[in-house]
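Residues per chain are reported as follows:
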Amino acid sequence: MWRRDANQTSKRRPRLGLALSGGAARGAAHVGVLKVFREHGVKVDCVAGTSAGALVAGAFASGMALEELEEISRTMRWRDFGRMTLSKLGVQSNARMEIYIRERFPVTRFEELPIPFAAVATDLQTGTPVVMRDRGDVAFAIRASCSLPGWYLPVIDEQGRQLVDGGLVANLPTAAVRALGADVVVAVDVNHDGAKFLGAPASVIGILLQSIVLMQRTAVVHQRQLADLVISPQVGHIRWDEMTRAGEFIAAGEESARAALQTIRELCEPQPQEPSRWLSLRRRARE
């Protein structure tokens, strides 16, 4: 009887998952990463995002052309998403974001997305992550993931939960994209470069802001460890609210992605069947 030689064992390419962090205007750097991936033929099989990362990830997963996504990144402004409110629960409502998304995304139902996508929000009452995927309204999920507490009103879901920004519990959604079936997880952390624009604290407010940045970096350490590779665009010199500097954010994302290409190619080389075991051994060795 003919037997297949061990060297002829079938191989398959590991599924690549992309985890995009929150970071307000800095989220435009994710677009630069995606541009380099396309340029070099890096195929993304699934994607998860938190806050600004959810907006970019959702647009990409919906099949939006990168040229259009880049144009949106360069032209969007805060007024496109929020309007003032008299509520005691927030300064603005971000209901406009759902309209903005519906008018631009090719599809807005999870069931219809060409690429699996997950958006992460936070249950305000329990402090637990709420991962939205598989079915439902993409526009609602992204809006919930972007609802910065204290500024935007909480978003109420069908179960009556108050949902706010996913950055409170999983600003780098590596676990969410792993749950989508990714063998290899590449994370993009647009906050790792810190807030260099603040300089050395010279007041109580400065100390508070610097403390918040440090706490966020500490909280995301575990989420970075769950990734096989983390790309960290160098954008610490630009504030999170500077949407008019999208071009600089995109360029920084491109530069950091190009520097990571060789490692990504190595991680995505076709491997013998049972890639999860092989990848876990490789990840353990690297750690």
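In this report, the structure presented in the accompanying data block is examined.

Rules used in this analysis
- Residues numbered from 1 in each chain as written.
- Predicted model: local features only at pLDDT ≥ 70, side-chain atom pairs only at ≥ 80, totals over all residues.
- Heavy atoms only, no water.
- Helix = DSSP H or I, 4+ residues; strand = E, 2+ residues; numbered from the N terminus.
- Buried < 20%, exposed > 50% of the residue type's maximum accessible area, 1.4 Å probe, protein only.
- Areas by Shrake-Rupley, 256 points an atom, 1.4 Å probe, with all protein chains shown as cover.
- Pairing = 2+ DSSP bridges.
- Phe/Tyr/Trp six-rings, centres within 6.5 Å; stacked < 30°, edge-to-face > 60°.
- Lys NZ or Arg CZ within 6 Å of the ring centre and 35° of its normal.
- Salt bridge = Lys/Arg side-chain N within 4 Å of Asp/Glu carboxyl O.
- Core = buried A, V, L, I, M, F, W, Y, C linked by side-chain atoms within 4.5 Å.
- Contact = heavy atoms within 4.5 Å.
- Axes fitted to C-alpha atoms, helices over the stretch in contact; angles between N-to-C directions.
- Parallel < 35°, antiparallel > 145°, perpendicular 65-115°, else oblique.
- Left-handed = near helix turned anticlockwise from the far one by under 90°.
- Nonpolar A, V, L, I, M, F, W, Y, C, P; charged D, E, K, R; others polar.
- Polar contact = N/O pair within 3.5 Å; in protein donor to acceptor, adjacent residues only side chain to side chain.

Some words on the overall build of the chain
Item 1. Within the chain, the secondary structure is distributed over eleven helices and twelve strands.
Item 2. For the chain, buried positions account for 51% of its 287 residues.
Item 3. As displayed, the chain offers around 14,200 Å² of accessible surface, 54% of which is attributable to carbon and sulfur atoms.

Some remarks on the pairing of strand S6 (residues 117-123)
Item 1. With seven of its seven residues buried, S6 lies for the most part within the structure.
Item 2. For strand S3 (residues 46-50) and S6, the ladder comprises four bridges, and the chain directions are parallel. Pairing of Gly49 across the sheet is with Ala119, part of S6.
Item 3. Two successive antiparallel strands, S6 and strand S7 (residues 129-133), enclose a turn made up of five residues, where Gly127 displays a positive phi of approximately 75°.
Item 4. Sheet topology places S6 next to strand S9 (residues 162-165); three bridges connect them, and they run antiparallel. Among the inter-strand pairings, Ala121 is bridged to a residue of S9, identified as Asp165.

So, the packing of aromatic side chains
Within a pair of aromatic rings, the relevant descriptors are the distance that separates the centres and the angle that separates the planes.
Item 1. Enumeration over the complete set of coordinates arrives at two aromatic pairs.
Item 2. Here the aromatic rings of Phe81 and Tyr100 are separated by 5.2 Å at their centres, their planes lie at 85°, and the arrangement is edge-to-face. With a gap of 19 residues between them, Phe81 in the loop between helix H3 (66-75) and strand S4 (83-84) and Tyr100 in helix H4 (residues 96-104) connect regions that are remote in the sequence. Pair check on accessibility: Phe81 and Tyr100 agree, each one buried.
Item 3. Here the guanidinium or amino end of Arg104 rests over the ring plane of Tyr100, the centre of that ring lying 3.7 Å away.

Focus: the pattern of salt bridges
Oppositely charged side chains may form a pair once their charged atoms are brought near each other.
Item 1. Counted according to the given criterion, the structure contains 21 salt bridges.
Item 2. Across the salt bridge formed by Lys35 and Glu254, the nearest N and O atoms sit 3.6 Å from each other. Linking Lys35 in helix H1 (residues 28-39) with Glu254 in helix H10 (residues 246-267), this pair joins segments that are 219 residues apart in sequence.
Item 3. Given a relative accessible area of 21%, Lys35 falls into the partly exposed group.
Item 4. Residues joined in a network through salt bridges with shared partners are Lys35, Glu39, Glu70, Arg74, Glu254 and Arg258.

Comments concerning the nonpolar core
For soluble globular proteins, nonpolar side chains are generally found buried alongside one another.
Item 1. By size, the foremost hydrophobic cluster in this structure holds 68 residues, and its most contacted members are Leu18, Phe37, Val47, Phe117, Ile142, Val186 and Ile264.
Item 2. Ranked by residues supplied to this core, first place goes to H10 with nine residues.
Item 3. Leaving out residues up to four positions away in the same chain, Leu18 has contacts with Leu34, Phe37, Val44, Cys46, Val47, Ala48, Val177, Val186 and Val188.
Item 4. Core analysis: the second largest hydrophobic core is formed by 15 residues, Cys46, Ala176, Leu180 and Ala182 among them.

A closer look at the packing of H1 against H10
Item 1. Where H1 contacts H10, the axes come no closer than 6 Å and their chain directions differ by 45°. Classed by the angle they form, the pair H1 and H10 counts as oblique. At the point where H1 passes H10, the crossing takes the right-handed sense. Of the residues in H10, those touching H1 at Ala28, Ala29, Val31, Gly32, Val33, Lys35, Val36, Phe37 and Glu39 are Ala246, Phe249, Ile250, Gly253, Glu254, Ser256, Ala257, Arg258, Leu261 and Ile264.

A look at the packing of H4 against helix H5 (residues 138-145)
Item 1. Put simply, H4 and H5 touch, their axes get as near as 9 Å, and they point 135° apart. As summarised for this structure, H4 and H5 are arranged oblique, according to the angle between their axes. In this structure, the crossing between H4 and H5 has a hand that is right-handed. The segment H4 lies against H5, with Met97, Glu98, Ile101 and Arg102 engaging Ala139, Phe140, Ile142 and Arg143.
Item 2. By residue class, the composition of the contact of H4 with H5 is five nonpolar, no polar and three charged.

Thoughts on the environment of Arg178
Item 1. Take Arg178: it is sitting in helix H7 (residues 174-179).
Item 2. The class of Arg178 is partly exposed, set by a relative accessible area of 26%.
Item 3. Sequence separation between Arg178 and Cys46 is 132 residues, and the spatial gap between their C-alpha atoms is 9.0 Å.
Item 4. At 2.7 Å, the side chain of Arg178 forms a polar contact with the backbone oxygen of Leu226.

Describing the side chain of Glu70
Item 1. Tracing the sequence through the fold places Glu70 in helix H3.
Item 2. Not counting the four nearest positions on each side in its chain, Glu70 is found in contact with Val31, Lys35 and Ile250.

Digging into the pairing of S9
Item 1. Of the strand pairs in this sheet, strand S8 (residues 155-156) and S9 are connected by two bridges, and their pairing is antiparallel. Considered in S9, the bridge of Val155 is made with Leu163.
Item 2. Adjacent in sequence and paired antiparallel, S8 and S9 are bridged by five residues, among which Gly160 carries a positive phi angle near 85°.

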